[in-house]
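Spelled out from the first residue to the last, the chains are:
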Amino acid sequence: MAASSNAEQTQLQDMEEEDAGMEEREMESDEEEGMGVENSDDEEDDSSEDERENEAEIQRLEEQLSINAFDYNCHVDLIKLLKQEGELFRLRKARQKMSELFPLTEEIWLDWLKDEIRLTEEEPNREKVYELFERAVKDYICPDIWLEYAQYSIGGMGSPGGIDKVRSIFERAMTAVGLHMTKGQTVWEAYREFENAILSTVQPPPGRIPSREEQELLNTQLERIHTLFRRQLAVPLMDMEATYAEYEEWAEHGVPETVIHLYKKALKQMEKCKPFEESMLVAEPPKLSEYQTYIDFELKEGDPARIQITFERALAENCLVPDMWAKYTTYLDRQLKIKDLVLSTHERAVRNCPWTMGLWKSYLLALERHGADHQVVSDVFEKALNAGFIQATDYVEIWQAYLDYLRRRVDFSKESSKELEELRGTFSRSLDYMKQDVEERFGESGDPSCIIMQIWARIEALHCKNMQKARELWDSIMTKGNAKFANMWLEYYNLERSYGDPVHCRKALHRAVQCTSDYPEHVCEVLLTFERVEGSLEDWDVAVQKTETRLNRINEQRAKVAEKEANLARQEDERNEQRRKAKSDKKAQKKVQKGARFGEKRKAEQDDYHDEWNEDSEQAPKRHRGNGDQTTEEYMETETGLFGRNAPPGYKPAPPGAKKAQQGAAAAAQRQNDEKPELRNDNSSVFISNLTYTLEEPEEKLRPLFETCGPIKQIRPVFSNKGSFKGYCYVQFESQVSVPEALKLDRMEVEGRPMFVSPCVDKNKNPDFKVFKYNTAMEKHKIFISGLPFSCTKEQLEEICKSHGTIKEVRLVTYRSGKPKGLAYVEFADEIQASQAVLKMDSMEVEGNKITVAISNPPRRNMMDKPGSSRPTTDMMPRQIYGSRGRGRTQLSLLPRSLHRQSGPVGKVENGTAAERVQATASASVNAAAETKPLSNSDFARMLVNK
């Protein structure tokens with residue numbers, strides 16, 4: 001009671017201060033009018049200027065709302081400006097308009113309610129405020145609004161039935177927000193305070209013995225307060241220990257055992273919820289992820305009341321999140337199934353997120369499920385059409401939902417009925433709507449496959465036995481660009497097969513053979529199968545002739561397309577070759593010019609080079625002896641090392657001592673492994689590649705990963721001469737059984753890159769072994785998908801494809817770095833399922849991307865695409881000439897320069913792999929070089945003399 005009286009006193013003070021302020025402003029304005037503009041000209045000018053600007057802004061906002069009434073921010077700005085100007089009556093009108101279109105936030109409602117309370121001080125006007133409160137509590141579950149409602153009702157408790165009305169409002173508030181963990185306690189305490197105030201009025205004065213009626217009234221009031229304490233202590237609320245202590249002090253005979261038991265149970269539940277409440281206290285609004293976690297917890301607990309209050313709390317701060325509304329309404333539809341609660345929640349959902357088609361669709365189903373009047377369902381559907389969906393397909397789905405509803409109302413046992421005529425009329429209206437309104441707005445109908453017309457045709461054939469109407473509809477479907485698709489013809493054929501006759505079936509298949517362009521073989525096969533079952537010999541001959549003619553024409557067209565594509569590819573290759581040759585010629589020309597300009601300098605450098613060689617050659621035997629069986633050529637490198645003549649930007653050579661130590665450690669490690677070939681076993685080893693070059697301690701990084709596959713005998717990482725890791729290694733197990741388990745780790749991510757794991761095979765002994773494990777021929781049971789969004793995961797793709805058949809494997813294609821390419825392969829159980837998936841999924845949209853789906857037919861991999869093949873170069877030489885690693889950039893030749901001969905390209909390299917793209921002219925030069933007569937000793941002497 002004290003809280004309510006304080007609130008009323010505060011309201012009265014506010015009203016008195018406002019009235020006093022208004023009187024002062026009126027007096028000031030009167031004085032200014034009497035005194036003229038002696039000392040306030042500037043102030044009046046500024047004030048009038050501000051008023052004119054505000055009024056102009058108000059008029060602009062009102063005009064904008066007259067054009068677009070759904071501009072939420074414009075409504076908010078207008079309300080703020082009118083409140084600032086004190087235009088209370090215009091402010092009321094603006095709030096009223098906004099509340100008709102949108103649910104209002106707690107802040108807007110409280111401001112509106114307080115203003116209305118000030119304007120309606122007289123008793124007859126309290127009912128208007130009550131009506132406003134009723135509207136406010138329906139938008140969101142807000143404890144502050146319920147508390148304000150209850151306290152306002154206390155002001156009218158003196159009227160007939162006033163106390164009962166207050167108790168009724170408090171009870172409704174308990175049901176709505178009494179379980180609110182953080183704010184519910186305030187409402188409980190206000191309710192108990194009100195009952196304590198009533199108790200003080202029924203207690204007799206001290207020293208007087210109450211009468212029997214007074215005693216009964218006193219006992220009844222005491223029992224009410226006891227009951228409120230017991231109810232509150234049974235609810236898990238924050239700081240409920242203080243309420244228990246207050247009850248212990250208030251109760252004369254102590255706390256009953258049943259109350260203690262319920263209190264401990266609620267306290268235990270509160271401790272479970274406390275971490276979630278604390279996480280939301282520190283989280284930034286709107287706390288969506290924290291609320292979702294909290295809701296998932298409550299759903300597992302299974303208390304409907306707590307689930308409902310948690311959803312309501314989440315929606316109060318996330319009212320524009322469609323997924324949250326969908327999750328809440330789905331729970332109510334499937335679990336609680338309370339008509340008033342379900343329908344009101346659906347209505348709130350579409351008012352908050354009117355652009356979300358799924359919420360409108362669920363609303364229509366809920367109305368039908370709970371037996372709403374047909375006119376109500378129709379009105380909701382009309383509102384959905386005006387909601388402004390964001391894509392054309394949304395309109396197709398909402399029309400389908402409404403047509404399904406109308407179809408379920410029809411009694412097809414009657415030849416004609418009002419409901420059937422309404423269904424047919426709505427089908428016609430939907431087609432007109434899609435053609436006019438939707439196409440005009442989006443540039444497409446949203447229904448390219450004419451799903452609505454297909455459903456209409458099937459209803460006419462199945463329920464109405466009207467095949468003539470069904471055929472007319474299918475004729476219209478085919479004229480809308482669908483005649484080239486095999487699946488459309490087969491759909492029509494199945495309809496004729498089920499409800500038509502063989503004549504029209506045959507006619508449909510003959511038309512399909514002539515028109516289909518995507519899968520004509522399939523349509524031809526269906527026609528021949530039909531004639532085997534239904535047709536005569538004449539029908540069979542006609543079918544065979546038509547199918548053969550059609551397929552021959554199709555093959556000719558495909559051959560022309562393939563030839564055209566081959567020509568385009570050849571032209572592109574020629575252009576690339578011309579660009580490469582021009583670039584090479586330009587580079588050679590620059591080199592010649594540079595050589596002519598700095599000829600003398602180069603000669604001096606060559607002399608220095610010979611001097612260095614003489615010095616190095618003296619040290620060569622020492623290096624050879626110091627490095628065991630390693631050749632001198634392999635360790636004679638300049639400071640540029642593996643980078644060539646010029647080091648990359650930012651490269652800092654290591655000190656000579658550190659470099660030698662690093663090279664020595666790497667060389668020693670590799671030499672130690674090379675000196676023990678008897679310890680190696682390829683059958684129990686796997687080859688690891690595509691590791692990052694910056695991987696530190698590769699052996700320590702990889703050992704924990706592969707120890708799960710079995711005992712490891714050794715891990716051999718491969719290092720360069722400079723001691724840097726080369727990105728690949730060998731893992732040898734104790735047993736061959738571990739190898740299949742290790743191969744399962746293929747494509748596992750290691751420091752941001754997918755690790756490749758393959759069998760360890762000696763290519764010299766097995767030249768035909770292919771590392772590429774995927775097929776390169778047509779796979780009719782597998783589909784190839786392109787155009788996928790890079791964010792698409794394997795699980796999402798499997799969810800999309802599983803409705804079309806049994807999925808055996810889903811593989812996303814990635815770059816070596818692990819980044820997706822937007823491509824994927826999906827393997828089905830058989831060819832039929834793969835074909836159906838292609839028909840249904842091609843041109844489907846996935847997260848805004850239009851995907852392309854086809855039967856898997858990878859391009860044939862040439863020799864250059866095979867793993868381990870070398871790139872075509874102009875100076876390719878057999879490796880045997882230069883040792884095991886080939887010729888390095890800084891290795892020196894012991895042959896005098898005068899005897900150097902320009903080497904031509906060689907057709908083959910190690911392991912039998914060939915460079916297919918070497919020019920034919922280069923091959924001719926190689927053959928010519930091979931046929932040249934060997935030089936004699938006199939020829940060599942003559943060359944030296946000439947030099």
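Residues numbered from 1 in each chain as written. Predicted model: local features only at pLDDT ≥ 70, side-chain atom pairs only at ≥ 80, totals over all residues. Heavy atoms only, no water.

Enquirer: I keep staring at the overall build of the chain and nothing clicks. Help me out?
Expert: Within the chain, the secondary structure is distributed over 35 helices and 11 strands. Residues classed as buried in the chain amount to 35% of the 947 residues present. (Helix = DSSP H or I, 4+ residues; strand = E, 2+ residues; numbered from the N terminus. Buried < 20%, exposed > 50% of the residue type's maximum accessible area, 1.4 Å probe, protein only.)

Enquirer: Got a minute to help me understand the sheet that holds strand 6 (residues 779–786) in this structure?
Expert: In a beta sheet, neighbouring strands pair by backbone hydrogen bonds and run either parallel or antiparallel. Read from one edge of the open sheet, 4 strands run 7-8-6-11, paired in antiparallel fashion. One side of each edge strand has no neighbouring strand; the edge strands of this open sheet are strand 7 (807–814) and strand 11 (852–856). Between one strand axis and the next, the sheet turns by 25° as a mean value, whatever way the strands run. Note that strand 6 and strand 11 share 5 bridges and pair antiparallel. Across the sheet, residue serine 786 finds its bridge partner in strand 11, namely threonine 852. Strand contacts of helix 32 (residues 794–801): strand 6, strand 7 and strand 8 (820–828), with the helix running at about 135° to strand 7, the strand carrying the most contacts. In this fold helix 33 (residues 831–841) packs onto strand 6, strand 8 and strand 11, with an angle of close to 25° to the strand it touches most, strand 6. (Pairing = 2+ DSSP bridges. Axes fitted to C-alpha atoms, helices over the stretch in contact; angles between N-to-C directions. Contact = heavy atoms within 4.5 Å.)

Enquirer: So what exactly am I meant to see when it comes to the packing of aromatic side chains here?
Expert: Within a pair of aromatic rings, the relevant descriptors are the distance that separates the centres and the angle that separates the planes. This structure, assessed with the given rule, holds 31 aromatic pairs. Pairing phenylalanine 170 with tyrosine 191 gives two aromatic rings, centres 4.8 Å apart and planes at 5°, and the pair type is stacked. Pair noted here: phenylalanine 170 is in helix 8 (residues 162–177) and tyrosine 191 is in helix 9 (residues 184–202), with a separation of 21 residues, a long-range link. Side by side, phenylalanine 170 and tyrosine 191 carry an identical accessibility label, which is buried. Aromatic ring contacts, followed pair by pair, group Phe381, Phe389, Tyr395, Trp399, Tyr402, Tyr405, Tyr433 and Phe442 into a single cluster. Across from the ring centre of tyrosine 152, 4.1 Å away, lies the NZ or CZ of arginine 126, which sits over that ring. Taking NZ or CZ as reference, lysine 821 lies 4.9 Å from the ring centre of tyrosine 815, over its face. (Phe/Tyr/Trp six-rings, centres within 6.5 Å; stacked < 30°, edge-to-face > 60°. Lys NZ or Arg CZ within 6 Å of the ring centre and 35° of its normal.)

Enquirer: Whenever I open this one, a negative patch on the surface confuses me. Can you help?
Expert: Taken together, the side chains of Asp50, Glu51, Glu53, Glu85 and Glu87 define an acidic patch exposed on the protein surface. It is helix 2 (residues 41–67) that provides the largest number of residues to the negative patch, a total of 3 residues. With respect to the element layout, glutamate 85 can be found in helix 3 (residues 72–85). Glutamate 85 sits in the partly exposed class, given a relative accessible area of 30%. (Patch = residues over 30% accessible without salt bridge, like charges linked within 9 Å, V, L, I, M, F, W, Y side chains within 5 Å. Areas by Shrake-Rupley, 256 points an atom, 1.4 Å probe, with all protein chains shown as cover. Salt bridge = Lys/Arg side-chain N within 4 Å of Asp/Glu carboxyl O. Lys, Arg positive; Asp, Glu negative; His and termini not counted. Charge placed at Lys NZ, Arg CZ, Asp CG, Glu CD.)

Enquirer: Any chance you could explain helix 23 (residues 486–499) here in plain terms?
Expert: Helical geometry: 3.6 residues make up each α-helical turn, so side chains three or four residues apart lie on a common side. A rise of 1.5 Å per residue sets the reference length of helix 23, with its 14 residues, at 20 Å; its end C-alpha atoms lie 20 Å apart and thus fit the reference within 8%. Where helix 23 is concerned, the buried positions are Ala486, Met488, Trp489, Leu490, Tyr492, Tyr493, Leu495 and Glu496. The elements touched by buried residues of helix 23 are helix 21 (451–462), helix 22 (467–482), helix 24 (502–515) and helix 25 (520–534). (Expected span 1.5 Å × (residues − 1).)

Enquirer: Please clarify how the pattern of salt bridges should be interpreted in this entry.
Expert: Side chains that carry opposite charge are capable of pairing whenever their charged atoms lie near each other. A full pass over the atoms with the stated rule returns 46 salt bridges. Between arginine 471 and glutamate 496 there is a salt bridge, and its shortest N-O distance comes to 2.7 Å. Of this pair, arginine 471 sits in helix 22 while glutamate 496 sits in helix 23, and the two are 25 residues apart along the sequence. On the basis of relative accessibility, which here comes to 0%, the residue glutamate 496 falls in the buried class.

Enquirer: It is not clear to me how the packing of helix 10 (residues 212–233) against helix 11 (residues 240–250) should be interpreted in this structure. Could you clarify?
Expert: Remark: helix 10 packs on helix 11, axes separated minimally by 10 Å, with the N-to-C direction vectors making an angle of 150°. Accordingly, the angle class assigned to the pair helix 10 and helix 11 is roughly antiparallel. Crossing handedness for the pair helix 10 and helix 11: left-handed. Only Met240, Thr243, Tyr244, Glu246, Tyr247 and Trp250 of helix 11 make contact with helix 10, whose side of the interface consists of Leu222, Ile225, His226, Phe229, Arg230, Gln232 and Leu233. (Parallel < 35°, antiparallel > 145°, perpendicular 65-115°, else oblique. Left-handed = near helix turned anticlockwise from the far one by under 90°.)

Enquirer: Explain unusual backbone geometry here, please?
Expert: Glycine aside, residues mostly have negative phi, and peptide bonds are mostly found in the trans state. Proline 285 connects to proline 286 through a cis peptide bond whose omega is 10°. Relative to the elements of secondary structure, proline 286 occurs in the loop between helix 12 (257–282) and helix 13 (288–301). Here the phi dihedral of glutamate 697 falls at roughly 50°; this positive angle occurs in a residue that is not glycine. Checked against the element boundaries, glutamate 697 lands in the loop between strand 1 (685–689) and helix 30 (698–706). A positive phi is found at serine 843, a non-glycine position, where the angle reads about 70°. With respect to the helices, strands and loops of the structure, serine 843 is situated in the loop between helix 33 and strand 9 (845–846).

Enquirer: Help me out: how do you make sense of the sheet that holds strand 5 (residues 753–759) in this one?
Expert: A sheet is described by the order of its strands in space; here 5 strands give the open sequence 2-3-1-5-4, paired in antiparallel fashion. Whereas interior strands pair on both sides, the edge strands pair on one side only; in this sheet they are strand 2 (712–719) and strand 4 (748–750). Sheet twist, expressed as the mean angle between neighbouring strand axes with direction ignored, is 30°. Sheet analysis places strand 4 next to strand 5, joined by 3 bridges and oriented antiparallel. Paired with methionine 748 across the strands is methionine 755, a residue of strand 5. Across the sheet, helix 30 touches strand 1, strand 2, strand 3 (725–733), strand 4 and strand 5, and the angle it forms with strand 2 is around 140°.

Enquirer: Would you mind showing me how to read a nonpolar patch on the surface here?
Expert: Among the surface-exposed residues, Leu320, Trp355 and Ile390 lie close enough to one another that they form a single nonpolar patch of about 330 Å² accessible area. By the secondary structure assignment, leucine 320 is in the loop between helix 14 (304–317) and helix 15 (322–336).

Enquirer: So what exactly am I meant to see when it comes to the confidence of the model for the chain here?
Expert: In this model, the chain carries an average pLDDT of 79, and 75% of its residues clear a pLDDT of 70 or more. Within the chain, helix 17 (residues 357–369) carries the highest mean pLDDT (97), whereas helix 28 (residues 632–635) carries the lowest (33). Predicted confidence for residues 1–40 stays below pLDDT 50, and this span has 21 contacts to residues more than four positions away or in other chains. Between residues 601–664, whose pLDDT stays under 50, and residues either more than four places distant or in other chains, the model counts 55 contacts. (pLDDT = per-residue confidence, 0-100.)

Enquirer: What is the right way to read the nonpolar core from this model?
Expert: The nonpolar side chains of a soluble globular protein tend to be buried with one another. By size, the foremost hydrophobic cluster in this structure holds 105 residues, and its most contacted members are Trp360, Phe389, Ile398, Trp399, Leu423 and Trp474. Here this core takes 10 residues from helix 19 (residues 392–409), the largest share from any one element. Contacts of tryptophan 474, omitting those with residues within four sequence positions, involve Gln454, Ala457, Met488, Glu491, Tyr492 and Leu495. Core analysis: the next-biggest nonpolar cluster, separate from the first, contains 55 residues, Leu61, Val76, Met157 and Leu179 among them. (Core = buried A, V, L, I, M, F, W, Y, C linked by side-chain atoms within 4.5 Å.)

Enquirer: Got a minute to help me understand the environment of alanine 176 in this structure?
Expert: Relative to the elements of secondary structure, alanine 176 occurs in helix 8. Each C-alpha atom of the pair alanine 176 and isoleucine 309 lies 7.7 Å from the other, and the pair is 133 residues apart in sequence. Contact partners of alanine 176, with chain neighbours within four places excluded, come to Ile141, Trp146 and Ile309.

Enquirer: Would you mind going over helix 15 with me for this structure?
Expert: An ideal rise of 1.5 Å per residue puts 21 Å on 15 residues; helix 15 measures up with 20 Å between its terminal C-alpha atoms. Every buried residue of helix 15 is accounted for by Pro322, Met324, Trp325, Tyr328, Thr329, Tyr331, Leu332 and Asp333. Looking at the packing, one finds that the buried side of helix 15 touches helix 13, helix 14, helix 16 (339–352) and helix 17. Looking one or two residues past helix 15, lysine 337 carries a phi angle of roughly 60°, positive in sign.

Enquirer: Please explain the state of the cysteines as it appears in this structure.
Expert: Disulfides are covalent bonds that link the sulfur atoms of two cysteine residues. Going through the model one piece at a time under the given rule, you end up with 0 disulfides. You can see cysteine 353 has no disulfide; the closest cysteine sulfur is in cysteine 319, sitting 7.3 Å from it. The exposure class assigned to cysteine 353 is buried, which follows from its relative accessible area of 0%. (Disulfide = S-S within 2.5 Å.)

Enquirer: Explain the environment of isoleucine 832 here, please?
Expert: In this structure, isoleucine 832 sits in helix 33. Separated by 51 residues in the primary sequence, isoleucine 832 and histidine 781 place their C-alpha atoms 7.5 Å from one another.

Enquirer: What is the right way to look at the packing of helix 21 against helix 23 in this model?
Expert: Packed helices, taken two at a time, are described by the angle between their axes plus the distance between the axes. Remark: helix 21 packs on helix 23, axes separated minimally by 10 Å, with the N-to-C direction vectors making an angle of 10°. By the angle between their directions, the pair helix 21 and helix 23 is classed as roughly parallel. Here Gln454, Ala457, Arg458, Ala461 and Leu462 of helix 21 come into contact with helix 23, specifically with Met488, Glu491, Leu495 and Tyr499. Residue classes in the contact of helix 21 with helix 23 are distributed as 6 nonpolar, 1 polar and 2 charged. (Nonpolar A, V, L, I, M, F, W, Y, C, P; charged D, E, K, R; others polar.)

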